[in-house]
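Letter by letter, the chains look like this.
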Amino acid sequence: GAGVSQTPSNKVTEKGKYVELRCDPISGHTALYWYRQSLGQGPEFLIYFQGTGAADDSGLPNDRFFAVRPEGSVSTLKIQRTERGDSAVYLCASSPRTSGINEQFFGPGTRLTVL
Amino acid sequence: DQQVKQNSPSLSVQEGRISILNCDYTNSMFDYFLWYKKYPAEGPTFLISISSIKDKNEDGRFTVFLNKSAKHLSLHIVPSQPGDSAVYFCAASVLGGKLIFGQGTELSVKP
């Protein structure tokens, strides 16, 4: 079946602009996660949805970052007033469960470059 | 603070030999540990996991060992194959929520 998909695969924007990154999880997966990966580092947690609600948003770096999942499926990560430090690969993952072994299935990521 | 650490950024192994990737953690509340493999321009792919109540889990060529007293886990790949060349991430979770990743170890398996 289809895996997690993310669009766009690459996004180049200018400092101060607004961007939206989209994630389509695996059908039926109730949990959805956003991570950010900088060069030479492991993925860093941003936010996690259980259904439509954000169960944990402790990883969002500041109030310029916001994410939604209005119907419990597709999610959008929104970044306002982008800064050069926001440049990274943004990864989305989904999981069929939130207890026990939390095997998360990752998408290919969106590479964001802020000029 | 870095709760999950992979202190070796890279490892080079001959084909057919054993690869051992190491990971240390600080939070004793972690209940599951997972290993992911990542190729360039792709997302991480789940490889193998272990519950904190176990000390070993094996799946084909891959075995994960957990030493809770030392807060250390390792991934053994035997025998190593050139297709295993990738970046390997150790990750830990608490109560099925977010994953906390180490920095990764780049494995290179030479023919």
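The text that follows walks through the structure, step by step, so that each part is easy to find.

Looking now at the pattern of salt bridges. If you walk through the whole model with that rule in mind, you get five salt bridges over all chains. Arg64(A) is the salt-bridge partner of Asp86(A), the closest N and O atoms lying 2.8 Å from each other. Taken together, the residues Asp86(A) in the loop between β8 (75-79) and β9 (88-95) and Arg64(A) in the loop between β6 (53-56) and β7 (65-68) connect sequence positions 22 residues apart. On the basis of relative accessibility, which here comes to 3%, the residue Asp86(A) falls in the buried class. One salt bridge in this structure joins Arg61(B) and Asp84(B), with 2.8 Å as the shortest N-O distance. Of this pair, Arg61(B) sits in the loop between β6 (56-59) and β7 (62-67) while Asp84(B) sits in the loop between β8 (72-77) and β9 (86-93), placing them 23 residues apart in sequence. The exposure class of Asp84(B) is buried, given its relative accessible area of 2%. Via salt bridges that share partners, Arg64(A), Glu83(A) and Asp86(A) belong to a single interconnected network.

A few words now on unusual backbone geometry. Residue Thr7(A) is joined to Pro8(A) through a cis peptide bond whose omega torsion reads -10°. Along the chain, Pro8(A) falls in the loop between β1 (5-7) and β2 (10-13). Cis geometry is adopted by the peptide bond preceding Pro79(B), which originates at Val78(B) and carries an omega value of -10°. Note on placement: Pro79(B) falls in the loop between β8 and β9. In this structure, Arg81(A) takes a positive phi of about 45° despite not being glycine. Residue placement: Arg81(A) occurs in the loop between β8 and β9.

What follows is about the nonpolar core. Ranked by size, the top nonpolar core spans 23 residues in total, and within it Phe33(B), Trp35(B), Leu73(B), Leu75(B) and Tyr88(B) carry the most contacts. At the level of elements, β3 (19-25), β4 (32-38), β5 (45-51), β7, β8, β9 and β11 (105-110) of chain B are the ones that each hand at least two residues to this core. Sequence-distant contacts of Leu73(B), defined by excluding residues within four places in its chain, comprise Leu21(B), Asn22(B), Cys23(B), Tyr25(B), Phe33(B), Trp35(B), Val64(B), Phe65(B), Leu66(B) and Cys90(B). Ranked by size, the runner-up nonpolar core spans 20 residues in total, among them Val19(A), Ala88(A), Tyr90(A) and Cys92(A).

Moving on: the pairing of β7(A). Across a regular strand the side chains alternate sides, sitting on one face of the sheet and then on the other. Covered by surrounding structure in β7(A) are Phe65(A) and Ala67(A) only, the residues Phe66(A) and Val68(A) on the alternate face being uncovered. The turn linking β7(A) back onto β8(A) is made up of six residues, and Gly72(A) within it adopts a positive phi angle of 75°.

Turning to the sheet that holds strand β1 (residues 4-5) of chain B, a few remarks are in order. Residues and elements named next belong to chain B. Read across the open sheet, the five strands follow the order β1-β3-β8-β7-β6; overall the sheet is antiparallel. Of all strands in the sheet, those with a lone pairing partner are β1 and β6, marking the two edges. In the sheet, β1 pairs with β3 via two bridges, with the strands oriented antiparallel. Bridge pairing in β3 places Val4 opposite Tyr25.

Calculation notes
Residues numbered from 1 in each chain as written. Chains lettered and ligands numbered in written order. Predicted model: local features only at pLDDT ≥ 70, side-chain atom pairs only at ≥ 80, totals over all residues. Heavy atoms only, no water. Salt bridge = Lys/Arg side-chain N within 4 Å of Asp/Glu carboxyl O. Helix = DSSP H or I, 4+ residues; strand = E, 2+ residues; numbered from the N terminus. Buried < 20%, exposed > 50% of the residue type's maximum accessible area, 1.4 Å probe, protein only. Core = buried A, V, L, I, M, F, W, Y, C linked by side-chain atoms within 4.5 Å. Contact = heavy atoms within 4.5 Å. Pairing = 2+ DSSP bridges.

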